[in-house]
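Chain residues, written in single-letter form:
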Amino acid sequence: MEFSAKQIAELIQGRVEGNPDACITTFAKIEEGKPGAISFLSNAKYINYIYDTESSVVLVDEALQLDKPVKATLIRVKNAYEAVAKLLQMYDSMKPKLKGIDSLAFIDPTAKIGEDCYIGPFVAIGPNVTIGNGCVLHPHATIGRNAKIGDNTEIYSNAVVYHDCKVGNNCILHAGCVVGADGFGFAPSANGYDKIPQIGIVTIEDNVEIGANTCIDRSTMGSTYVRKGVKLDNLVQIAHNTDIGENTVMSSQVGIAGSTKVGKWCMFGGQVGIAGHITIGNNVHLGAQSGVPGNLKDGENLIGTPPMPLTNYFRSSAIFKRLPDMYRQMNEMQKTINDLQTQLAELKK
């Protein structure tokens, strides 16, 4: 596919600076630019690359100020990062879509498969499964009995949707993710731990993306919920009976313990840990490796264990680095005080 700078600018409501007929056939990072590629600049750390990049076109913010001329044609937009995301989405949508059912797939006779689907080799689809229209199931995906998959959902290799679970429309389940494994429920007994049957399900609503090797456990009773628009990175753990609010995003290795309710539009950095049976409000932002033992109100922006406001955290971190020196100084002061007390006692005799 080939586009001109002028055509691209029209698609993203941008303004061309330079040659409007510059030809684009591919994408490239600005530091790895090549003729015929389009790149973008949204992070000031990379601004030096714009002067020497070989890319034919570079997307930049409208407000960007340059110190000298550049070789590339520029397209100025309100937000370069959002603009390149839109272009990548359009590019991805132009790829030919897989269709057809491979002869090596296993589909139970009671399963219902929608129109225009692709079912790859060694996919296993159990009894009474419903697959919506336009779905893509890559090789070795497994869908358990009575599960329901909505329209236009893509499930990558070795992903598993357990029995009775529900996945909505326009979802993406990446390789190795598991939806509906048993929650971690055990009751102590004289002989060890008795397993508590997990008879609930998982409900994934529309427009959810689940990263590779992420696990979402089924509920003990009722359902674990991942609400619409949620985006989960790789290696995230969502325990049983949790409820993840709309449009919340979580980075890699976040862990949410059981029966926790997370609000809408939250953002959790890598390795955040959330205790069980608590409520996290809407629009809560948690920095990487934060540990949350209790409820949080709407709009809190925290980091640390237990989490605290960012300013306090960084002030505490600065003090923590100085603790060895402060401890040494305190010991010296204590020694001085002891010496003065001894001298004072001698004078009183």
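Residues numbered from 1 in each chain as written. Predicted model: local features only at pLDDT ≥ 70, side-chain atom pairs only at ≥ 80, totals over all residues. Heavy atoms only, no water.

### A short note on the overall build of the chain
Definition in use: Secondary structure elements are defined from DSSP: runs of H or I of at least 4 residues count as helices, runs of E of at least 2 residues count as strands, and each element is numbered from the N terminus. For the radius of gyration, the atom set is restricted to C-alpha positions; the globular benchmark scales as 2.2 Å times the number of residues to the power 0.38. Only protein chains enter the accessibility calculation, which uses a 1.4 Å probe; a residue whose area is less than 20% of its type maximum is buried, one above 50% is exposed, and one in between is partly exposed. Contact between two residues is taken to exist if any of their heavy atoms lie within 4.5 Å; hydrogens are not considered. All accessibility values rest on the Shrake-Rupley procedure with a 1.4 Å probe; residue burial counts only the protein chains present in the view. Only four residue types enter the tally: Lys and Arg on the positive side, Asp and Glu on the negative side; His and the chain ends are excluded. For this purpose, a charge sits on NZ of Lys, CZ of Arg, CG of Asp or CD of Glu.
What the chain contains, in helices and strands, is three helices and 40 strands. Computed over C-alpha atoms, the radius of gyration of the chain comes to 28 Å, more than 25% over the 20 Å expected from 2.2 N^0.38 for 349 residues, which places it beyond the range of a compact globule. Along the first, second and third principal axes, the C-alpha set of the chain runs to 105 × 75 × 30 Å. In the chain, which comprises 349 residues, the share counted as buried stands at 38%. A sequence separation of at least 24 residues applies to 17% of the contacts in the chain between residues at least 6 apart. Of the roughly 19500 Å² of accessible surface on the chain, a fraction of 54% belongs to carbon and sulfur atoms. Charged side chains of the chain number 32 positive and 35 negative; the gap between the two group centres comes to 6 Å.

### What about the pairing of strand β5 (residues 37–41)?
How we decide: DSSP bridges decide pairing: two strands pair if at least two such bridges lie between them.
Extensive coverage of β5 is indicated by the burial of four of its five residues. Relative to β5, strand β4 (residues 26–27) runs parallel, the two sharing two bridges. Looking across to β5, one finds that T26 is bridged to A37. Note that β5 and strand β6 (residues 57–61) share four bridges and pair parallel. Residue F40 lies in a different strand from β6, and its bridge partner there is L59.

### So, unusual backbone geometry
Trans is the prevailing form of peptide bonds, just as negative phi is the prevailing case for residues other than glycine. Cis peptide bonds are those with omega within 30 degrees of zero, and the linkage from T305 to P306 qualifies with -10 degrees. Among the structural elements, P306 can be located in the loop between β39 (301–303) and β40 (308–309). Even without a glycine there, the phi angle at N128 is positive, about 60 degrees. Note that N128 resides in the loop between β12 (124–125) and β13 (130–131). For N128, a relative accessible area of 43% corresponds to the partly exposed category. With a phi close to 60 degrees, N170 is a non-glycine residue in the positive phi region.

### Quick look at helix α2 (residues 80–93)
Applicable threshold: Working rule for helices: expected span equals 1.5 Å times residues minus one. Directions pointing from the helix axis toward each C-beta atom define the arc. N or O atoms within 3.5 Å of each other form a polar contact, as long as, within protein, one can give a hydrogen and the other can take it, and as long as residues adjacent in sequence are counted only when both atoms are side-chain atoms.
Under the 1.5 Å per step criterion, the end-to-end length of α2 is 20 Å for 14 residues, consistent within 8% with the ideal 20 Å. Looking only at α2, the buried set comprises A80, A83, V84 and L87. For α2, the buried positions fall inside an angular range of 95 degrees around the axis, keeping them on one side. Turned more than 90 degrees from where α2 packs its buried face, Y81, E82, Q89 and S93 sit exposed. The secondary structure elements touched by the buried residues of α2 are α1 (5–11), β4, β5, β6 and β7 (73–77). By the N-cap criterion, in which a side-chain oxygen at the helix start approaches the backbone nitrogen of a residue two or three places on, α2 is capped by N79, the distance to Y81 being 3.0 Å.

### Topic: empty space enclosed by the protein
The line we're drawing: Definitions used for this entry: grid spacing 1 Å over protein atoms alone; cavity, a set of points where a 1.4 Å probe fits but cannot get out; pocket, an open set with protein on both sides within 12 Å along at least 5 of 7 lines; lining residue, one with an atom within 4 Å of a point. Grid points are joined across faces, edges and corners, and a volume is the space filled by probe spheres set on the points. Three categories are distinguished: nonpolar for Ala, Val, Leu, Ile, Met, Phe, Trp, Tyr, Cys and Pro, charged for Asp, Glu, Lys and Arg, and polar for the others, with Gly belonging to the last.
Considering all chains together, one arrives at one cavity of 30 Å³ or more under this definition. Roughly 190 Å³ of volume is contained in the largest cavity. Around the largest cavity sit 13 residues that line it, and F3, I8, F27, L87 and Y91 are the ones nearest its centre. Those elements giving two or more residues to the lining of the largest cavity turn out to be α1, β4 and α2. Looking at which element gives the most residues to the lining of the largest cavity, the answer is α2, with three residues. In terms of residue class, the lining of the largest cavity is built from eleven nonpolar, two polar and no charged.

### What to know about the layout of surface pockets
Estimated volume of the largest pocket: approximately 810 Å³. The element that contributes the greatest number of residues to the lining of the largest pocket is α2, accounting for seven residues. Within the lining of the largest pocket, the residues separate by chemical class into eleven nonpolar, nine polar and six charged. In this structure, the second largest pocket occupies an estimated 220 Å³ of space. For the lining of the second largest pocket, the secondary structure elements donating two or more residues are β5 and α2. Top contributing element to the lining of the second largest pocket by residue count: β5, with four residues. Considered class by class, the residues forming the lining of the second largest pocket number nine nonpolar, three polar and two charged.

### Focus on the environment of H285
Following the sequence through the fold, H285 ends up in strand β37 (residues 285–286). With 16 residues separating them along the chain, H285 and N301 place their C-alpha atoms 4.7 Å apart. In this view, H285 contacts W265, M267, E300, N301 and L302; residues no more than four positions away in its chain are not counted.

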